[in-house]
Amino acid sequence: MVRFQKQFYEEYWQYRKKIGYIYGKKHIPRPFAIIASLVGSGKKVLDVGCGEGFLAKFLMEKGNKVWGIDISEQAVELARRNGVNAFVCDIENEDLPIKETFDVIILSEVIEHLITPKKVLKKLKRYLADEGYFIITFPNIAYYKYRLQLLFGRFPRQHLYERSEHLHYWSIPDFMEFLRSCDLKAVEIRPVFQFPFHNIVSKIMPLRKLLEKFPNLFGYQIVVIAKPINEVKKSVTKRVEEKIQSSGSCLTVLGLGYVGLPTAVVFASKGFRVIGVDIDKNKVAAVNSCKCYIKESGLDALLQDVVSKGVLRATTDAVEAIKQCNTVIIAVPTPVKEGAVDLSYLRDALESVKAGLHRDMLVVIESTIPPGTTVSFAKPLLEESELRAEEDFYLAHVPERIAPGKAIHELLHEPRVVGGVGPRSTMKALELYSKVNPNLYPTDAITAEFVKLIENTFRDLNIAYANLIALMAERLGIDVYEAIGLANTHPRVNIHMPGAGVGGPCLTKDPYMLASLYKEFWGTQLIILARKINEYMPRHTVEIVERALRDSGLSVEGAKIAVLGVAYKGGVDDTRESPAKYIVRELLGRGAGVVVYDPYTEECFGAERADSLEDAVKNADVVVIVTDHPEFKGLNLETIAKLVRYKIIVDGRRVVEPHQAVKYSFRYYGIGYGKVFKL
Ligand SMILES: NC(=O)c1ccc[n+]([C@@H]2O[C@H](COP(=O)([O-])OP(=O)(O)OC[C@H]3O[C@@H](n4cnc5c(N)ncnc54)[C@H](O)[C@@H]3O)[C@@H](O)[C@H]2O)c1
């Protein structure tokens, strides 16, 4: 056992060094026995008093799911920087904003800080699973050393102990007495071997004797098995259900588009009474008659279910809906025009919220917005109502990350960043979203806004790099897919794939929103340049089409061109900012006859629309693949070869394997494909 603990202690210590041990050696080490007992257990852990999150992060990396709370904002900020799901919460005064059930609650050393530990234990018991338990660590030698130093004024009064004047110092017997009075099922005490010379000392005296003689020399890990709390859990669940039935859990979603509709449906499916609002009467009518106008896996069935049960209805009357509800989620468009964000839709939505705003209301902005918008734009606008954010109502930004086609799954499972204009707003928003998704990362509003933009910009930069090297590979006469595949075998390299262009509502605008924050700095050009490279790719695709036709003695003018796919990405019907828009219009503009085929959407950008792939490619001079729909991945080249007039493929998404194309006597051209196949 000792060796086992020692091994993890070493590992943990090395780990702390690796991720940046900022408080120097005087910082009190956590009892490593805790770590040893949780390694690889996959448990759900709440670390109360998580500090800068070293233990939490370590446990996360060992396969546990960990939440951390601490009263120190500074500590929580550091914990978050270490990637820990931490937030500010004073467990003595506030309830945890989450309704998670934990297997283990760790109170390491914090029990010493509490004025009312019994009350706290009782509170925390509510968050334990049936078999859950507390791990309480008791002061150790280092702590006593610290106390002495504090007494003589030599220990820096650091943030962690800012409440030291409230500390209640327990002796071991006192503490045991206290635990006995806490109505706990079982208590197990293990000494923590962190006394520096314990090896030498234990040679002189057996450990048990040593403990008896000098009980305060060692730290103790006290494992407290909580009482089975089935009854407690049942009553909590009942309370939550009752709350959901009451008007307190009525929620308004403003904007029933790609984000708003799935959001409204998901909350309704979790027991909320949801009123969806849109200025578009057609969308409102469609929702009320159970008609789903967005292609999303699982959305149709869920919509039917929640509308027929009467838990979701739609209206155009925003103010009336808001007056009836306690929560508003805003998911209206925030387009970027000529590099500047247009907040007019958001302003209109906020004006409606202001007109219906009432006490204790939670307002969440899910729309993508520039950093600072929630605090400097939304908050003052809503406060014109005389109500104050954080005091009378709550305001948060919870950016949306969903990928079209996977919205329902992602809303329920993918991590969400939750940022309030203050801690109370963050907590309120956490409480709301924890009802539908357990993966929440609390922060402040401005960080949440920034996070959304930097993650999308990162993806755009990565794709731009892939596109740039694709253009280089074409010049070098090599295949960029092979090159990227090989480069990505490097353990620290992950280059995205190039293509006919980047579309959709996010990557095409979010980088501009980010760049606009610091336009005067020349370095921001990195973001703009990446955008320009990606915006160039549809034009480059047309250039390849032109070259391909020329190589066969043809020209764009008068050619019959089959375009496969107009959606901006595979498997979805979304054509917003799709590269196909430029490609189709440019080819039409140059006098080509363009026929498009897309099994997901009826959009055709002014070209002729075919109902089947065969109809589209019939007598085509060139087949251009713009979208990587799954249906195009196993194209039957043999059939296509029989239907087309000229066997030319321009592949914008590497849907066709070049050697397969050649097998059926096609001339193959692709983005980043510099090789030439001779027939
Ligand atoms: N679509 C995505 O995949 C995605 C992903 C992440 C973030 N976002 C962001 O989410 C926000 C919404 O995007 P979307 O794709 O759902 O847009 P969308 O255009 O599909 O839907 C927005 C809806 O809001 C409605 N609307 C506009 N003003 C309104 C108002 N005052 N009151 C009520 N309804 C109003 C519109 O009629 C429309 O139906 C944007 O900021 C976007 O950048 C979108």
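Keep in mind it's a predicted model, so treat the numbers as computed, not measured.

The rules behind these values
- Residues numbered from 1 in each chain as written.
- Predicted model: local features only at pLDDT ≥ 70, side-chain atom pairs only at ≥ 80, totals over all residues.
- Helix = DSSP H or I, 4+ residues; strand = E, 2+ residues; numbered from the N terminus.
- Buried ≥ 20, exposed ≤ 12 C-beta atoms within 10 Å, placed from the backbone.
- Contact = placed C-beta atoms within 7 Å.
- Core = buried A, V, L, I, M, F, W, Y, C linked by C-beta atoms within 7 Å.
- Pairing = 2+ DSSP bridges.
- Axes fitted to C-alpha atoms, helices over the stretch in contact; angles between N-to-C directions.
- Near = placed C-beta within 6 Å.
- Nonpolar A, V, L, I, M, F, W, Y, C, P; charged D, E, K, R; others polar.
- pLDDT = per-residue confidence, 0-100.
- Right-handed = clockwise from strand over helix to strand, strands pointing away.
- Left-handed = near helix turned anticlockwise from the far one by under 90°.
- Parallel < 35°, antiparallel > 145°, perpendicular 65-115°, else oblique.
- Arc of directions from axis to C-beta.

1. Points about the overall build of the chain
Turning to step 1, where the next piece is worked out: The helix and strand tally for the chain stands at 27 helices and 23 strands.
Turning to step 2, where the next piece is worked out: Burial status across the chain gives 45% buried among its 679 residues.
Turning to step 3, where the next piece is worked out: Nonlocal contacts in the chain, meaning residues at least 24 apart in sequence, comprise 72% of its contacts between residues at least 6 apart.

2. Section: the nonpolar core
Turning to step 1, where the next piece is worked out: The biggest cluster of nonpolar side chains holds 101 residues, and the ones touching the most others in it are I105, V328, I330, V363 and V364.
Turning to step 2, where the next piece is worked out: Here this core gets six residues from one element, more than from any other, and that element is helix α11 (residues 260-269).
Turning to step 3, where the next piece is worked out: V328 has contacts with T252, L254, I322, V353, M361, V363 and V364, leaving out every residue within four places of it along the chain.
Turning to step 4, where the next piece is worked out: Within the second largest apolar cluster, 74 residues are counted, among which are A473, A500, M513 and F666.

3. Let's talk about the environment of D280
Turning to step 1, where the next piece is worked out: Looking at the element boundaries, D280 is found in the loop between β9 (273-277) and α12 (281-288).
Turning to step 2, where the next piece is worked out: With 25 residues separating them in the primary sequence, D280 and G255 have C-alpha atoms 8.8 Å apart.

4. A short note on the sheet that holds strand β11 (residues 327-330)
Turning to step 1, where the next piece is worked out: Spatially, β10-β9-β8-β11-β14-β15-β16-β17 is the arrangement adopted by the eight strands of the open sheet, whose pairing is mixed. Of all the strands in the sheet, the pair left with one neighbour each is β10 (312-315) and β17 (440-444). The average undirected angle you get between the axes of adjacent strands in this sheet is 25°.
Turning to step 2, where the next piece is worked out: The strands touched by helix α19 (residues 445-476) are β15 (394-397), β16 (416-420) and β17; relative to β16, the strand with the most contacts, the crossing angle is about 145°.

5. Here's the deal with the site of the ligand
Turning to step 1, where the next piece is worked out: The full set close to the ligand counts 28 residues, and G255, G257, Y258, V259 and S367 are the nearest of them.
Turning to step 2, where the next piece is worked out: For the shell around the ligand, the leading source of residues is helix α15 (residues 344-356), giving three residues.
Turning to step 3, where the next piece is worked out: Of the residues belonging to the shell around the ligand, the class tally is 16 nonpolar, six polar and six charged.

6. Let's talk about the confidence of the model for the chain
Regions with low pLDDT should not have their predicted coordinates read in detail.
Turning to step 1, where the next piece is worked out: Chain-level statistics for the chain give a pLDDT mean of 82 and a share of 76% at 70 or above.
Turning to step 2, where the next piece is worked out: When the criterion is pLDDT under 50, residues 139-169 qualifies, and its contacts beyond four places in sequence or with other chains add up to 35 contacts.
Turning to step 3, where the next piece is worked out: A low-confidence stretch, residues 188-202 (pLDDT under 50), is modelled with 31 contacts involving residues beyond four sequence positions or located in other chains.

7. Here we look at the pairing of strand β2 (residues 65-70)
Turning to step 1, where the next piece is worked out: Counting buried positions along β2 yields five of six residues, so the element is predominantly enclosed.
Turning to step 2, where the next piece is worked out: Bridge count between strand β1 (residues 44-48) and β2: five bridges; the pairing is parallel. The residue of β2 that forms the bridge with K44 is K65.
Turning to step 3, where the next piece is worked out: What joins β1 to β2 is helix α3 (residues 54-61), and the crossover it makes is right-handed.
Turning to step 4, where the next piece is worked out: Here four bridges tie β2 to strand β3 (residues 85-88), and the two strands are oriented parallel to one another. Across the sheet, G68 pairs through a bridge with A86, a residue of β3.
Turning to step 5, where the next piece is worked out: Traced from β2 through helix α4 (residues 73-81) to β3, the parallel crossover comes out right-handed.

8. Structural notes on the packing of α15 against helix α16 (residues 373-383)
Turning to step 1, where the next piece is worked out: Where α15 meets α16, the axes come as close as 9 Å, and the angle between the chain directions of the two elements is 35°. The two elements α15 and α16 cross, and the hand of that crossing is right-handed. Counting all contacts with α15, which are made through L350, V353 and K354, the residues of α16 involved are A378, L381 and L382.

9. Things to note about unusual backbone geometry
Turning to step 1, where the next piece is worked out: Positive phi outside glycine occurs at E390, with the angle close to 75°.
Turning to step 2, where the next piece is worked out: Structurally, E390 can be placed in the loop between α16 and β15.

10. Describing the sheet that holds strand β18 (residues 560-564)
Turning to step 1, where the next piece is worked out: Here we have six strands laid out as an open sheet, ordered β20-β19-β18-β21-β22-β23, and parallel in their pairing. With one partner strand each, in any of the chains shown, β20 (608-609) and β23 (667-670) form the two edges of the open sheet.
Turning to step 2, where the next piece is worked out: Sheet topology note: the β18/strand β19 (residues 593-597) ladder contains five bridges and is parallel. The residue of β19 that forms the bridge with L564 is Y597.

11. Some points on the pairing of strand β22 (residues 648-651)
Turning to step 1, where the next piece is worked out: A two-sided burial pattern is seen for β22, the buried positions comprising I648 and V650 on one face and I649 and D651 on the other.
Turning to step 2, where the next piece is worked out: Note that strand β21 (residues 622-625) and β22 share three bridges and pair parallel. What sits directly across from I625, in β22, is D651.
Turning to step 3, where the next piece is worked out: Alignment of β22 against β23, held across four bridges, turns out to be parallel.

12. Comments concerning the environment of E390
Turning to step 1, where the next piece is worked out: By C-beta crowding, E390 is classed as partly exposed, having 15 other C-beta atoms within 10 Å.
Turning to step 2, where the next piece is worked out: Apart from residues lying up to four places away in sequence, E390 is in contact with V421, G422, R424 and S425.

13. A word on α3
Given 3.6 residues per helical turn, the α-helix brings residues three or four places apart onto the same face.
Turning to step 1, where the next piece is worked out: In terms of residue burial, α3 counts as a mostly covered element, since six of its eight residues are buried.
Turning to step 2, where the next piece is worked out: What α3 keeps buried is the set F54, L55, A56, K57, F58 and L59.
Turning to step 3, where the next piece is worked out: Looking one or two residues past α3, G63 carries a phi angle of roughly 95°, positive in sign.

14. What to know about the packing of α11 against helix α13 (residues 299-308)
Turning to step 1, where the next piece is worked out: Their axes nearest at 9 Å, the elements α11 and α13 cross at an angle of 55°. If you check the angle between α11 and α13, you find them oblique. Crossing angle aside, the handedness with which α11 passes α13 is left-handed. Residue-level inspection shows P262, V265, A268 and S269 of α11 in contact with α13, the latter providing L299, L302, L303, D305 and V306.
Turning to step 2, where the next piece is worked out: For the contact of α11 with α13, the class distribution of residues is seven nonpolar, one polar and one charged.

15. Considerations on α16
Turning to step 1, where the next piece is worked out: For α16, every residue scored as buried is listed here: T373, T374, A378, K379 and L382. Buried residues along α16 cover an arc of 140° about the axis, so they all sit on one side.
Turning to step 2, where the next piece is worked out: The inward-facing, buried residues of α16 abut α15, β14 (362-365), β15 and α19.

16. Topic: the environment of L302
Turning to step 1, where the next piece is worked out: By the secondary structure assignment, L302 is in helix α13.
Turning to step 2, where the next piece is worked out: As for L302 and A268, which are separated by 34 residues in sequence, their C-alpha atoms are 9.1 Å apart.
Turning to step 3, where the next piece is worked out: Setting aside chain neighbours within four positions, we find L302 in contact with V265, S269 and I408.

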